[in-house]
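# Report on the structure
The primary structure of each chain is shown beneath.
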Amino acid sequence: MIESLSTLSYSNAEKLAWQFLLAARNLLEAPDARHAPFLTFDRQMQRVVASEVLSDNSCLWLDSNDQWCRSPQIPAIFHAMFDLYLPVLGGTDKSLRTVAHLGQSIDAQIAARSGDSFYVTGEENRKHLHCLRALSDAVIVGAGTAMADNPQLTTRAVAGKNPVRVVIDSQARIHQPLGIFDDGQAKTILIHQSSADLGERALAFGPQLKNEQGSSSHQVERWVVPNTDEQLNVQAIIDLLAERGLQRLFIEGGGITVSRFYRADVLDRLHIAVAPLLAGKGIGALQLPGIDVLADAHRPPFAMYQMGEDILWDFDVSVAKSDTGLAGDAEMATDARGTLPKPQPSVKRIF
Ligand SMILES: NC(=O)c1ccc[n+]([C@@H]2O[C@H](COP(=O)([O-])OP(=O)(O)OC[C@H]3O[C@@H](n4cnc5c(N)ncnc54)[C@H](OP(=O)(O)O)[C@@H]3O)[C@@H](O)[C@H]2O)c1
């Protein structure tokens, strides 16, 4: 069957690779993942199943060290999708996995100055966002994004479960009705910091919001998280989510929120999709403190993916910053321009 995979059209191969990734997600949630670790395409049922034995139709499996392995004969799109998404999924150890994404113009803006962000990147990259949601337990956005975009944060473009939706609204600024509070498509958690003035609103941990009609919505919870200074403690948010079993976290924007997670050093992967457009001064992407010399710049390992007209940079930011800047890497030889001699990856096509 592996041979017959090479005859699949690009779009069918992409759909089948996605089925394998969803099956991998289910496998990690199964109590007995070790019992049937070989993800195999069942021709009769026309779907991916977990089987006890390795066969010609097995494309992806967990080895005895809980590492993902794949058949070398799978098509290029399988390799590209497994390379991009398996690190987001992680292994059976149920440890925290965090990925953040921003879609920016070539001049590093995620929205026009009015806040309009429909759309910076193309349809293929937006499908990628839905894939990240489907592989994650929770999708996190800042108050700015919730108010500007009124997003659904569901997985409409691909098969897969909707994640829990988390909005960081530290000062309890959101008063307008938003779809995520009453569409019933997934649970929504609204997070405030303890110094926020909640007025009439309940202060206790975990109460439910009232919807517009005044009835209690079981889908919405309000959490109050301690703040040490003016900002919410990102680690405290992560700890609370992990206590509720939400360990695979996708930080979807905007620039302020992704920057805070990056600066707190809690991200495993940082996805920056660069679109071929110039937006002029609008709403900035990453906002980080400056450095005096470029030798101190963070240069994480990366891979690149083509998504329609956009290029996605997949940075492995789990590597300690001190190990990836030139200053922290004195032992590695540098070329004439002072850049690290990393192998330049090719751009792999996705979608
Ligand atoms: N192209 C893309 O990838 C993309 C993605 C998402 C959004 N967008 C666009 O980006 C714009 C919004 O982005 P933005 O950067 O202005 O705002 P944002 O990141 O969506 O929200 C920022 C707000 O979130 C709260 N917040 C988040 N983390 C916090 C923390 N650790 N501690 C305290 N508060 C925290 C704060 O709310 P308070 O101010 O209430 O304290 C902060 O002002 C919109 O125009 C949206 O359309 C683009």
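None of the values given here were measured: they were computed from a predicted structure. (Residues numbered from 1 in each chain as written. Predicted model: local features only at pLDDT ≥ 70, side-chain atom pairs only at ≥ 80, totals over all residues.)

### Quick word on the overall build of the chain
Counting its regular elements, the chain contains eight helices and 17 strands. In the chain, the proportion of contacts linking residues at least 24 apart, taken out of those at least 6 apart, comes to 69%. (Helix = DSSP H or I, 4+ residues; strand = E, 2+ residues; numbered from the N terminus. Contact = placed C-beta atoms within 7 Å.)

### Regarding the site of the ligand
Taken together, 30 residues are adjacent to the ligand, and Gly142, Gly144, Thr145, Gly253 and Gly254 come closest. Broken down by secondary-structure element, the contributors of at least two residues to the shell around the ligand are β5 (97-105), β6 (109-111), β7 (138-142), α5 (143-149), β12 (248-253) and α8 (255-263). Element by element, the count of residues in the shell around the ligand is highest for α5, at five residues. Among the residues forming the shell around the ligand, the class breakdown is 12 nonpolar, 13 polar and five charged. (Near = placed C-beta within 6 Å. Nonpolar A, V, L, I, M, F, W, Y, C, P; charged D, E, K, R; others polar.)

### A few points about helix α2 (residues 10-29)
Count 3.6 residues to each turn of an α-helix, and residues three or four apart come out pointing the same way. Along its 20 residues, α2 runs 29 Å from first to last C-alpha, staying within 8% of the 28 Å computed at 1.5 Å per residue. Within α2 the residues assigned to the buried category are Leu16, Ala17, Trp18, Phe20, Leu21, Ala24 and Leu27. Contact partners of the buried residues in α2: β1 (38-42), β2 (47-51), β3 (58-62), α3 (76-89) and α4 (123-135). (Expected span 1.5 Å × (residues − 1). Buried ≥ 20, exposed ≤ 12 C-beta atoms within 10 Å, placed from the backbone.)

### Details of the pairing of β12
Of all six residues making up β12, six are buried, and the element is well covered by its neighbours. Where β5 meets β12, four bridges bridge the pair, whose relative direction is parallel. By the bridge assignment, Arg97 is partnered in β12 with Arg248. One ladder, built from four bridges, connects β7 with β12; its direction is parallel. The residue bridging Val141 from the neighbouring strand is Gly253, located in β12. (Pairing = 2+ DSSP bridges.)

### A short note on α4
The first and last C-alpha atoms of α4 sit 19 Å apart over 13 residues, in line with the 18 Å expected at 1.5 Å per residue. By the burial criterion, the buried members of α4 are Asn125, His128, Leu129, Cys131, Leu132, Arg133, Ala134 and Leu135.

### Quick notes on the sheet that holds strand β4 (residues 68-70)
Spatially, the four strands line up as an open sheet ordered β2-β1-β3-β4, and their pairing is antiparallel. Lying at the two open borders of the sheet, with one neighbouring strand each, are β2 and β4. Neighbouring strand axes in the sheet, compared pairwise and without regard to direction, differ in orientation by 25° on average. Contacts from α2 reach β1, β2 and β3, with the element oriented near 35° to β2. (Axes fitted to C-alpha atoms, helices over the stretch in contact; angles between N-to-C directions.)

### Notes on the confidence of the model for the chain
In the predicted model, the chain carries a mean pLDDT of 88, and 86% of its residues have values of at least 70. Of the regions scoring below 50 in pLDDT, residues 202-216 engages in 26 contacts with residues more than four places distant in sequence or in other chains. Taken together, the stretch residues 326-341 has pLDDT below 50 and engages in 18 contacts with residues farther than four places along the chain or on a different chain. (pLDDT = per-residue confidence, 0-100.)

### Examining the environment of Gly115
Note on placement: Gly115 falls in the loop between β6 and α4. Look at Gly115 and you get partly exposed, because 15 C-beta atoms sit within 10 Å. Setting aside anything within four residues of it in sequence, one finds Gly115 in contact with Ala148 and Ile283.

### Quick word on the environment of His101
Mapped onto the elements of the fold, His101 is located in strand β5. Linking His101 and Arg269, residues 168 residues apart in sequence, is a C-alpha distance of 8.6 Å.

### Details of the environment of Asp63
Mapped onto the fold, Asp63 is located in the loop between β3 and β4. The exposure class assigned to Asp63 is exposed, which follows from the 9 C-beta atoms found within 10 Å. For the pair Asp63 and Arg34, spaced 29 residues apart in sequence, the C-alpha separation works out to 8.6 Å.

### Digging into the packing of α3 against α4
The contact between α3 and α4 brings their axes to 10 Å, and the two run at 35°. For the element pair α3 and α4, the recorded crossing hand is right-handed. Only Cys131, Leu132 and Leu135 of α4 make contact with α3, whose side of the interface consists of Tyr85, Val88 and Leu89. (Left-handed = near helix turned anticlockwise from the far one by under 90°.)

### Focus: the nonpolar core
By size, the foremost hydrophobic cluster in this structure holds 80 residues, and its most contacted members are Phe20, Leu39, Met81, Ile140 and Val166. Ranked by the residues each element gives to this core, the list is headed by α3, at eight residues. A domain split of this core shows at least three residues from each of domain 1 (2-89) and domain 2 (97-329 + 340-349). For Met81, the contacting residues outside a window of four places in its chain are Ala17, Trp18, Leu21 and Ile350. (Core = buried A, V, L, I, M, F, W, Y, C linked by C-beta atoms within 7 Å. Domains from an automatic or database assignment.)

### Some thoughts on the packing of α2 against α3
The geometry of α2 relative to α3 is characterised by a closest axis approach of 10 Å and an angle of 25° between their N-to-C directions. Classified by the angle their axes make, α2 and α3 are roughly parallel. For the pair α2 and α3, the sense of crossing is right-handed. Residue-level inspection shows Tyr10, Ala13, Glu14, Ala17, Trp18, Leu21, Ala24, Arg25 and Leu28 of α2 in contact with α3, the latter providing Ile77, Phe78, Met81, Tyr85 and Leu89. Its residues assigned to classes, the contact of α2 with α3 comprises 12 nonpolar, no polar and two charged. (Parallel < 35°, antiparallel > 145°, perpendicular 65-115°, else oblique.)

### Considering the pairing of strand β9 (residues 188-193)
In terms of burial, β9 is a largely internal element, six of the six residues being buried. Judged by which residues are buried, β9 turns out to be covered on both faces: Thr188, Leu190 and His192 on one side and Ile189, Ile191 and Gln193 on the other are all buried. As defined by bridge partners, strand β8 (residues 164-168) adjoins β9 across four bridges and the pair is classed as parallel. Residue pairing across strands places Val167 opposite Leu190, the latter belonging to β9.

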